[in-house]
Amino acid sequence: MQPKKIKFIGHVPSGSDFGIRTLSPKSDQRRIFLLSPANASGIRGKLLLKDTSHSPLADRLRDGGAPLGEIFTFISGLYCRGKLAYARAYADPPPGIPGVAVITASGGLVSPDRLLTLADLREIVAGRVDATESRYRIPLERDARLLCEHMGDHCQVVLLGSIATPKYVEPLLGVFGEKLMFPSEFVGRGDMSRGGLLLRSTRDQVQLKYVPVAGAVRNGARPAKLPKLGRSCVVIEPAEAPSLER
């Protein structure tokens, strides 16, 4: 019998299943990744959301839709690309549970593979990513609780996003408690450095060290600059379009 799939509600259509895959057990400890959103209020986000914008991606948004992961990678560049590659490489969820989900400003948790139209995109980015903002927090906590209820006792949730402020940590920690983890190597790093680190870890097939968010030191000195990526991992972005991650 196939395991029951989680169906998310609210801004996520009830018939969707964000990125669910069923794996045979690898270990007693399973792992799910939650990715922080791209900042749609930045230069590239505003460009994409304009009715008059014309590009291959903008045209697809108006005609059938495009995957959320691709959209956020366009907006955010290296950091989002690194998070997606890393999470897809190392996610090991329990059967019937999504292994990778993206936090959104007003749509809760959404699959990076979910197709969005321009109207869908405008809806899920319309809120403000702030722990005090109900339009952001209520759907996020709703989906996080649903995930927590179904993932069992032997599963960690790893946050790939900023851990220095309460915007992600506060609502997620209230739901997942000691199961909420983050890569300790993130401390002190900016967006671009984290993106490069994630791409290297994916390329080298070496996972980062995960530590509990609760009680952790989440601010620290900036670590040494990473060496340049090899050509196989280089992500070419326009010079005028830096990472716009929240």
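Residues numbered from 1 in each chain as written. Predicted model: local features only at pLDDT ≥ 70, side-chain atom pairs only at ≥ 80, totals over all residues. Heavy atoms only, no water.

**Observations regarding the environment of V157**
Counting through the fold element by element, V157 comes out in strand β6 (residues 155–160). Among the residues examined, V157 registers a relative accessible area of 0% and is labelled buried. For V157 and E178, which are 21 residues apart along the polypeptide, the C-alpha to C-alpha distance reads 9.4 Å. V157 has contacts with I32, L34, M151, F176, K179, L180 and M181, leaving out every residue within four places of it along the chain. (Helix = DSSP H or I, 4+ residues; strand = E, 2+ residues; numbered from the N terminus. Buried < 20%, exposed > 50% of the residue type's maximum accessible area, 1.4 Å probe, protein only. Contact = heavy atoms within 4.5 Å.)

**Description of the confidence of the model for the protein chain**
Predicted confidence across the protein chain gives a mean pLDDT of 80, with 76% of residues reaching 70 or more. Confidence drops under a pLDDT of 50 for residues 231–246, and excluding neighbours within four residues, the segment shows 41 contacts in the predicted structure. (pLDDT = per-residue confidence, 0-100.)

**Structural notes on the packing of aromatic side chains**
Any two aromatic rings considered together are summarised by their centre-to-centre distance and by the angle between their planes. Within this structure, the stated rule accounts for three aromatic pairs. An angle of 90 degrees between the planes, with centres 5.7 Å apart, marks the rings of F33 and Y86 as edge-to-face. Of this pair, F33 sits in strand β1 (residues 30–35) while Y86 sits in helix α4 (residues 78–90), and the two are 53 residues apart along the sequence. The burial state of F33 is the same as that of Y86; both residues are buried. Geometrically, the ring pair formed by Y86 and Y90 is edge-to-face, given 4.7 Å between the ring centres and 65 degrees between the ring planes. With Y86 and Y90 both in helix α4 and four residues apart, this pair spans about one turn of that helix. By relative accessible area, which is 14% here, Y90 ends up buried. (Phe/Tyr/Trp six-rings, centres within 6.5 Å; stacked < 30°, edge-to-face > 60°.)

**Description of helix α6 (residues 134–151)**
The end-to-end C-alpha separation of α6 is 25 Å, in line with the 26 Å expected for 18 residues at 1.5 Å each. Listing the buried residues of α6 in full gives Y136, R137, P139, L140, E141, D143, A144, L147 and M151. Residue G152 follows α6 closely and has a positive phi angle near 85 degrees. (Expected span 1.5 Å × (residues − 1).)

**Re the packing of α6 against helix α7 (residues 166–176)**
Each packed pair of helices is defined by two parameters, the angle between the axes and the distance between the axes. Where α6 meets α7, the closest approach of the two axes is 9 Å, and the angle between their N-to-C directions is 35 degrees. Seen from above, α6 lies across α7 with right-handed handedness. Residue-level contacts link Y136, R137, L140, E141, A144, R145, L147, C148 and M151 of α6 to K167, Y168, E170, P171, L172, V175 and F176 of α7. Grouping the constituent residues of the contact of α6 with α7 by class yields eleven nonpolar, no polar and five charged. (Axes fitted to C-alpha atoms, helices over the stretch in contact; angles between N-to-C directions. Left-handed = near helix turned anticlockwise from the far one by under 90°. Nonpolar A, V, L, I, M, F, W, Y, C, P; charged D, E, K, R; others polar.)

**Quick look at the pattern of salt bridges**
Applying the stated criterion across every chain, the model contains 13 salt bridges. One salt bridge in this structure joins R128 and D130, with 2.9 Å as the shortest N-O distance. The exposure class assigned to R128 is partly exposed, which follows from its relative accessible area of 45%. Its salt-bridge partner being D204, residue R203 comes within 2.9 Å of it at the nearest N-O pair. Members of the salt-bridge network, linked through shared partners, are R128, D130 and E133. (Salt bridge = Lys/Arg side-chain N within 4 Å of Asp/Glu carboxyl O.)

**Some remarks on the side chain of S162**
With respect to the secondary-structure elements, S162 resides in the loop between β6 and α7. Those residues in contact with S162 that sit more than four places away from it in its chain are Y79, K167, Y168, V169 and R194.

**Focus on the sheet that holds strand β7 (residues 180–183)**
Taken together, six strands build an open sheet; the order of strands is β4-β3-β1-β6-β7-β8 and the sheet is mixed. Whereas interior strands pair on both sides, the edge strands pair on one side only; in this sheet they are β4 (109–110) and β8 (210–212). (Pairing = 2+ DSSP bridges.)

**So, helix α8 (residues 191–204)**
For α8, built from 14 residues, the straight-helix expectation of 20 Å at 1.5 Å per residue is met to within 8% by its first-to-last C-alpha distance of 20 Å. Along α8, the positions that sit buried rather than exposed are R194, G195, G196, L197, L198, L199, R200 and S201. For α8, the elements touching its buried residues are α4 and β6. Remark: Q205 follows α8 within two positions and exhibits a positive phi of approximately 55 degrees.

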